[in-house]
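Summary of the model geometry
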Amino acid sequence: MVKFRNAGDKEKISQASGEEKYNEQGVRVFHLDQQLQVLTMENSEKTEVVLLACGSFNPITNMHLRLFELAKDYMNGTGKYRVIKGVISPVGDAYKKKGLISAHHRVIMAELATKNSEWVEVDTWESLQKDWVETLKVLRHHQEKLEASSCDPQQDSPRLERPGRKRKWAEQRQDFGQKELLEPKTKDVPKVKLLCGADLLESFGVPNLWKREDITRIVGDYGLICITRAGNDAEKFIYESDALWKHRNNIHLVNEWITNDISSTKIRRALRRGQSIRYLVPDLVREYIEKHDLYSPESEERNVGVVLAPLQKNTAEANS
Amino acid sequence: MYTLGTLIYTAVWCQLSNMSYCPHEGRVATAVGVEVPDKMKSRIPVVLLACGSFNPITNMHLRLFEVARDHLHQTGMYKVIGGIISPVNDNYRKKDLVAAHHRVAMARLALQTSDWIRVDPWESEQAQWMETVKVLRHHHSELLRSLPQTEGPDHGRAHSLAPTAVPELKLLCGADILKTFQTPNLWKEAHIQEIVEKFGMVCVSRTGHNPKEYISGSAILQRYQHNIHLVREPVQNELSSTYIRRALSQGQSVKYLLPDAVITYIKEHNLYTGDSS
């Protein structure tokens, strides 16, 4: 653990030990292409992490898949985390985004895309819900799932309980402290963190798109890993938001220096214009799109004139 | 352009390609022996040749071909019938260049799923490094050599036979190559002229480069600008082999940046680990 004597020392200490670097605003910055010294922690002490990506995936692209790889390298590279799983959670049709095709197809494409991945998988819970589900609820669902399946949830060590014998608090405390040193820590439940691009982070600023309390809970209770090219803009965005700033330790910005701008919008546009999307999406996804003729000028007109579900919901609640 | 008399276009087309494309349908159809719309028959057949280190080959290289083909088809004047990747000779002596046989093998793996692009090891197998124009000349003569002899009209073919231009071989590259023409002593003037006059170029834009500027800054390029096709790649992609090598040497993932089969090969042969090769 790094001890901070005062703000001035923080910069020196963190750089000397090779830990996270802080910029002038105090926001932690990690640059993927720099080799940092890593604290050697026992695997059992590292926090296990599940990366959850929510989105339309309309369709999924190589860029989406890269987010997972970049995030995993970064989190593992800090020496404090161990990424054990990646989860793609396509949004439900009730989201009502323009051009959003049926969840059924989007889920299958994501499954095809992750067929060759050893650690990233698709979860259909969100897409199967009748109504649109807030991202916070999806995070909560997945965290609860992990807690339920964890075979040894956090408990006090039974060795400390000595029935029939009252021990002084100080004795117990000393006892417990020694036991910590001798035995490995009980494995904590893995933590779910939200994986996203800078566009999601900046969408926090769109009026009525997110509930303020949700944003606070997402960064406070769970955490955000944001892959971004424009690291400075993202840092500034965090700095200018009290809620984000307060939980900046839980927001990991990963700078991706090369532009890799394979957006689903561009994929759909290329398809409408008869242009190739090879090497931008996995081959299996491309073949599936071609076979089912998924994207056309007609499909792009879906939900035109319909208000996006979160906007509708939040505006209604604000007015009620 | 080379003119060697008329050839039977449909026979050439059927032999060298199993793909048809109709711009008005807005879709790329892949089918063997499908009836060619009349509009396609009068198009100039083109083969795209990409020279480079391919150290290693990446999805970006493969995209160049796809983007170039779409562009040429949508001009209405061309029909791309093939693509060739020609990895450079080891004697080029570029820093960190792994052995040619690896680079060729990786390109071959990357192209397993492509039905129109292939890798040609000829350049890499020569005794010494050779100028790009010589590689162009070689592949162009090979292309002409592989065409069928002129035949008479009655040979039971379903399609009518129309005379057409000889297939053209064009140099496919990033727009940054146009800039390197300006580097003193890197290219021979006569070669630059031959490339743009006799063959032609298809240059795909890259961020940070303004190809129109490079053309207007050179008399030769300006003169033959009709033969330099500038293609805009809407999906900005700064992916480079240099980036891949650095990521690999730092133990970072490169999945989804190049085909899985190439990544497997790199791991199996311990390439790009950062130790001196």
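Parameters at a glance
Residues numbered from 1 in each chain as written. Chains lettered and ligands numbered in written order. Predicted model: local features only at pLDDT ≥ 70, side-chain atom pairs only at ≥ 80, totals over all residues. Heavy atoms only, no water. Helix = DSSP H or I, 4+ residues; strand = E, 2+ residues; numbered from the N terminus. Buried < 20%, exposed > 50% of the residue type's maximum accessible area, 1.4 Å probe, protein only. Areas by Shrake-Rupley, 256 points an atom, 1.4 Å probe, with all protein chains shown as cover. Contact = heavy atoms within 4.5 Å. Pairing = 2+ DSSP bridges. Axes fitted to C-alpha atoms, helices over the stretch in contact; angles between N-to-C directions. pLDDT = per-residue confidence, 0-100. Salt bridge = Lys/Arg side-chain N within 4 Å of Asp/Glu carboxyl O. Polar contact = N/O pair within 3.5 Å; in protein donor to acceptor, adjacent residues only side chain to side chain. Phe/Tyr/Trp six-rings, centres within 6.5 Å; stacked < 30°, edge-to-face > 60°. Lys NZ or Arg CZ within 6 Å of the ring centre and 35° of its normal.

All right, on to the overall build of chain A then. The helix and strand inventory of chain A stands at 14 helices and eight strands. Residues counted as buried form 50% of the 320 residues belonging to chain A. With an accessible surface of roughly 17300 Å², chain A has 48% of that area assigned to carbon and sulfur atoms.

The secondary structure content of chain B amounts to 12 helices and 10 strands. For chain B, with 277 residues in total, the buried portion stands at 53%. Here the analysis covers contacts within chain B between residues at least 6 apart in sequence; of these, 78% occur between residues at least 24 apart. Split by element, the accessible area of chain B, about 13000 Å² in all, is 50% carbon and sulfur.

Residues and elements named next belong to chain A. Relative to the assigned elements, Gly197 resides in strand β6 (residues 191–197). Classification of Gly197 by relative accessible area gives buried; the value is 13%. For Gly197, the residues in contact, after removing those within four places along its chain, are Leu67, Cys226 and Ile227.

For the rest of this paragraph, the subject is the pairing of β6 of chain A. Residue and element names in this part refer to chain A. Burial within β6 is extensive, with six of its seven residues counted as buried. With four bridges connecting them, strand β3 (residues 47–55) and β6 associate as parallel partners. Bridged to Leu51 within β6 is Lys193. In this structure, β6 lies alongside strand β7 (residues 224–228), joined through four bridges in parallel fashion. By the bridge assignment, Leu195 is partnered in β7 with Ile225.

Moving on, we come to helix α8 (residues 189–199) of chain B. Residues and elements named next belong to chain B. What α8 keeps buried is the set His191, Ile192, Glu194, Ile195, Val196 and Phe199. Where α8 is buried, its residues contact α6 (132–145), β8 (168–174), β9 (201–204), α10 (219–223) and β10 (228–231). Immediately beyond the C-terminal end of α8, within one or two residues, lies Gly200, with a positive phi of roughly 110°.

This paragraph deals with the sheet that holds strand β4 (residues 44–52) of chain B. Sheets are built from strands that pair by backbone hydrogen bonding, the pairs being arranged parallel or antiparallel. Residue and element names in this part refer to chain B. Strands sit in the order β6-β5-β4-β8-β9-β10 across an open sheet of six strands; the sheet is parallel. Only two strands of the sheet have a single partner each, and these edge strands are β6 (117–119) and β10. Looking at each pair of strands side by side, their axes are set apart by 25° on average, direction ignored. Sheet strands in contact with α6 are β4, β5 (78–87) and β8, and its direction is about 140° off that of β4.

In this section: the confidence of the model for chain A. Residues and elements named next belong to chain A. Summarising the model, chain A shows a mean pLDDT of 83, and 76% of its residues fall at 70 or more. Here residues 1–19 is modelled with pLDDT under 50, and outside its nearest four sequence neighbours on either side it reaches 16 contacts, counting other chains as well. Low pLDDT, under 50, characterises residues 155–162; the stretch is placed with seven contacts to residues that sit more than four places away or in other chains.

Let us look at unusual backbone geometry. With an omega of 5°, the peptide bond running from Asn58 of chain A to Pro59 of chain A counts as cis. Inspection of the secondary structure puts Pro59 of chain A in the loop between β3 and α2 (62–77). The omega torsion across Asn55 of chain B and Pro56 of chain B is 5°, close enough to zero to call that bond cis. Note on placement: Pro56 of chain B falls in the loop between β4 and α3 (59–74). Its identity as a non-glycine residue notwithstanding, Tyr279 of chain A has a phi of 70°, on the positive side. Residue placement: Tyr279 of chain A occurs in the loop between α11 (264–272) and α12 (283–292).

Here the focus is the interface of chain B and chain A. Of the residues lining the interface, 30 residues belong to chain B; the matching set on chain A comes to 32 residues. Where chain B touches chain A, the interface holds zero salt bridges. Our count for the contact surface shared by chain B and chain A stands at 16 residue pairs in polar contact (both at pLDDT 80 or more). Taken together, the elements giving at least two residues each to the side of chain B that touches chain A come down to β3 (27–30), α3 and α11 (241–249) of chain B.

Another point: the packing of aromatic side chains. Here the structure, examined in full by the defined rule, presents seven aromatic pairs over all chains. Taken together, a centroid distance of 4.8 Å and an interplanar angle of 90° make the contact between Phe204 of chain A and Trp210 of chain A edge-to-face. Given the relative accessible area of 10%, Phe204 of chain A is considered buried. On the accessibility criterion, Trp210 of chain A (16% relative accessible area) is buried. Centre to centre, the rings of Phe65 of chain B and Trp116 of chain B are 5.9 Å apart; their planes meet at 75°, and the pair counts as edge-to-face. Within this pair, whereas Phe65 of chain B is found in helix α3, its partner Trp116 of chain B is found in the loop between α4 (100–110) and β6, the two being separated by 51 residues in sequence. The ring of Trp245 of chain A carries Arg248 of chain A above its face, with NZ or CZ at 4.0 Å from the centroid.

Moving on: the pairing of strand β8 (residues 251–255) of chain A. All names here are of chain A. For β8, the buried fraction is high: five of the five residues fall into the buried class. The side-chain alternation of β8 yields two buried faces, one formed by Ile251, Leu253 and Asn255 and the other by His252 and Val254. As paired strands, β7 and β8 are joined by five bridges and run parallel to one another. The partner of Thr228 across the bridge, within β8, is Asn255.

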